[in-house]
Amino acid sequence: MAELVIETEGLRKEYHGRKGRRVAVDGLDLAVPAGGVHGFLGPNGSGKTTTIRMLLGLSRASGGTMRLFGEEVPRQLPSVIDRIGAVVESPKFSPNLTGRTNLELLATSIDAPRRQVDRAIETVGLTGRDGDRFKTYSLGMKQRLAIAATLLKEPELLILDEPTNGLDPAGIREIRDTIRTLAADGVTVLLSSHILAEVQQVCTSATIIGKGRLLASGAVEDLLGSTDRHRVVTTDPVAAAAVLLGAGFGVLEVDGGLVVDAAEPAAISRTLGEAGIWISELAPARADLETVFLDLTRGEGLAA
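Model, not experiment: these values are computed from the prediction. (Residues numbered from 1 in each chain as written. Predicted model: local features only at pLDDT ≥ 70, side-chain atom pairs only at ≥ 80, totals over all residues. Heavy atoms only, no water.)

Some remarks on the sheet that holds strand 3 (residues 37-41)
Filter applied, for reference: Only when DSSP finds a minimum of two bridges between them are two strands counted as paired. Helix numbers and strand numbers start at the N terminus; a helix is a DSSP run of H or I with at least 4 residues, a strand a run of E with at least 2. Comment: axis = line fitted to C-alpha atoms, over the contacting stretch for helices; angle = value between 0 and 180 degrees taken between N-to-C directions.
With mixed pairing, the six strands of this open sheet are ordered in space as 6-7-8-3-9-10. In this open sheet, the two edge strands, each paired with only one partner strand, are strand 6 (84-87) and strand 10 (213-219). Strand after strand, the sheet turns through a mean of 15° between neighbouring axes, direction not considered. Of the strand pairs in this sheet, strand 7 (residues 157-161) and strand 8 (residues 188-193) are connected by five bridges, and their pairing is parallel. Within strand 8, the residue paired with Ile159 across the bridge is Leu190.

What about the nonpolar core?
Soluble globular proteins tend to bury their nonpolar side chains together. The criterion, for reference: By convention a nonpolar core is built from buried Ala, Val, Leu, Ile, Met, Phe, Trp, Tyr and Cys residues, the set being connected through side-chain atoms within 4.5 Å. Burial classification: accessible surface area is computed with a 1.4 Å probe over protein chains only, and a residue below 20% of its type maximum counts as buried, one above 50% as exposed, and the rest as partly exposed. Contact definition: two residues touch when any of their heavy atoms are within 4.5 Å.
Core analysis: the biggest nonpolar cluster contains 46 residues, and Leu103, Ile147, Leu160 and Leu191 have the highest contact counts within it. With seven residues, helix 5 (residues 139-151) is the single largest residue contributor to this core. With residues up to four places along the chain from it excluded, the contact list for Ile147 reads Val87, Val124, Leu158, Leu160, Ile175, Thr178 and Leu182. Among the nonpolar cores identified, the runner-up in size contains 24 residues, and Val5, Met54, Ile84 and Leu190 belong to it.

Brief notes about the pattern of salt bridges
What counts here: Here a salt bridge means any side-chain nitrogen of Lys or Arg lying within 4 Å of a carboxyl oxygen belonging to Asp or Glu.
Scanning the model with the defined rule gives 17 salt bridges in all. Between Glu9 and Arg67 there is a salt bridge, with its nearest N and O atoms 3.0 Å apart. One end of the pair, Glu9, is in strand 1 (residues 4-17); the other, Arg67, is in strand 4 (residues 63-68), with 58 residues separating them in the sequence. Glu9 gets classed as partly exposed once you look at its relative accessible area, which sits at 44%. Taking relative accessible area as the criterion, Arg67 reaches 21% and is therefore assigned partly exposed. Between Arg144 and Glu174 there is a salt bridge whose closest N-O contact spans 3.1 Å. Of this pair, Arg144 sits in helix 5 while Glu174 sits in helix 6 (residues 169-184), and the two are 30 residues apart along the sequence. Residue class for Glu174 comes out partly exposed when judged on its relative accessible area of 28%. Residues participating in the shared-partner salt-bridge network are Arg100, Glu104, Arg114, Asp118 and Asp130.

Observations regarding the packing of helix 3 (residues 99-109) against helix 4 (residues 115-123)
Just so we agree on the cut-off: Under this scheme an angle from 65 to 115 degrees is roughly perpendicular, one under 35 degrees roughly parallel, and one over 145 degrees roughly antiparallel; angles in between are oblique. When the near helix sits turned anticlockwise from the far one by under a right angle, the crossing is termed left-handed; a clockwise turn instead gives a right-handed crossing. Under the convention adopted here, Pro, Cys and the residues Ala, Val, Leu, Ile, Met, Phe, Trp and Tyr are nonpolar, Asp, Glu, Lys and Arg are charged, and Gly plus all remaining residues are polar.
Where helix 3 contacts helix 4, the axes come no closer than 9 Å and their chain directions differ by 135°. On the basis of the axis angle, helix 3 is oblique to helix 4. Where helix 3 crosses over helix 4, the handedness of that crossing is right-handed. The residues of helix 4 that touch helix 3, namely those facing Arg100, Leu103, Glu104 and Ala107, are Val117, Asp118 and Ile121. Grouping the amino acids of the contact of helix 3 with helix 4 by side-chain chemistry returns four nonpolar, no polar and three charged.

Details of the packing of aromatic side chains
Note the following rule: Paired rings are identified among Phe, Tyr and Trp, the last through its six-membered ring, by centres lying within 6.5 Å, and are further divided according to the angle between planes into stacked (under 30 degrees), edge-to-face (over 60) and tilted (the rest). Definition used: whenever NZ (Lys) or CZ (Arg) falls within 6 Å of the ring centre and also within 35 degrees of the ring normal, the charge is taken to sit over that ring.
Taken as a whole and judged by the stated rule, the model has two aromatic pairs. Relative to Phe134, the ring of Phe93 has its centre 5.2 Å away and its plane inclined at 55°; by these criteria the two rings are tilted. Of this pair, Phe93 sits in the loop between strand 6 and helix 3 while Phe134 sits in the loop between helix 4 and helix 5; the two residues are 41 residues apart in sequence, bridging distant segments of the chain. For Phe93, a relative accessible area of 17% translates into the label buried. Overall, Phe134 belongs to the buried group, its relative accessible area being 7%. Following the ring pairs from residue to residue traces out a cluster consisting of Phe93, Phe134 and Tyr137. The cationic tip of Lys13 hangs over the ring face of Tyr15; the distance from NZ or CZ to the ring centre is 5.1 Å. Geometry around Phe69 places Arg83 over its ring, the cationic atom sitting 3.9 Å from the centre.

Side note on the sheet that holds strand 4
Taken together, four strands build an open sheet; the order of strands is 2-1-4-5 and the sheet is antiparallel. Either end of the sheet is taken by a strand with one partner, and the two such strands are strand 2 (20-33) and strand 5 (71-73). Strand-to-strand twist across the sheet, computed as the mean angle between neighbouring axes with direction ignored, equals 30°. Relative to strand 2, strand 1 runs antiparallel, the two being bridged by eleven bridges. Considered in strand 2, the bridge of Arg12 is made with Asp26. Relative to strand 1, helix 1 (residues 48-55) is tilted by about 110°, and along the sheet it contacts strand 1, strand 2, strand 4 and strand 5.

Observations concerning the environment of Arg83
Along the polypeptide, Arg83 turns up in the loop between helix 2 (77-80) and strand 6. It is 25 Å that separates the C-alpha atoms of Arg83 and Ser62, two residues lying 21 residues apart in sequence. Residue contacts for Arg83: discarding those within four places in its chain leaves Phe69, Pro155, Glu156 and Leu157.

What follows is the structure in C-alpha cells.
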C-alpha cells in the first residue's frame, strides 16, 4: 500500500448559529497517497475548503482524527508544517514591488536560500515576467506567484484550493502546466476543485465528496471504470429518457443529450424506434469524472 501523506478518519465539522446546527463535514475519511496529483472534488459548499482549513490548523474539527505524514494534527502540526505548502486564500503581495522582490523578501523572512527564488520562478513559468510589478500581473500570474511563494521552503506536499477560480482558459492552462511540473518533480499535490473536467486532465487519484460526505475515492482510472455507455441525442430527450428508463436502461441527462448504459447501441435504437422516437446522434460516451459524479449524486439532491 502506498504511503499516505494525508489521512482523516471520521472527520467532522459543525457550526452552531441562530438557525441551529449546520454540518459542513460529515464523518469524512480521506486518504491521499504520496506522489502525483490527488483531486479533492465536489460542488461549491461540499466541505472541501473546510476540510483543508482543519488540516492546516486554521479551523478546529468537531470530531474525528487527522494525520499529515503520519503525524496527528493539529497536535503535531509544528513538526510537519515546513514540509507543506498551501494556497488557500487570495495571495497577499505588495502591489508596487516586482514579483521577484516580493519573493526575495519572503525568502529572507523564512530564511530560505536565495537560489530558491530563481528555482520557484522557473518552476511556475514566470521567468521573464518576474521583474514586472505585481499589480500589473494577470490573475493567473498572481496565482502562479502565490504557488512560487509556497515553493521557497521546498514542500513535499502542496495544497491548492480552487486555484483556477476566475481564470480564463489561458490562465487555467498555465496553472495546469505548473501542477504537472510540480508532480514531475516529486511534489504531492492536493488539488481542490469543483471543475471536474479540468481536474481529470492532471489528477492521478481523486476523492469525490458531497454535502461533506465521502462519495468515492481511488485512482482516476478506477473511478472512471469501463462501463459501456453511449451518448444519445433525439428531438424529444424527455420522452426518450422515460422510454429508456422504463426499459431498464441507466440514463443521465448531460449537455443536452442522454448518456445511456448499454453494451449494444442497437438495443438503444430498437427501444426508441419501437416507441416512435428517432435518434439524431448515437455514439460511444467517453467516461469522465463529471459523469461519475452525476452517477454518484443522482437522487441525493447534489448539484455539480
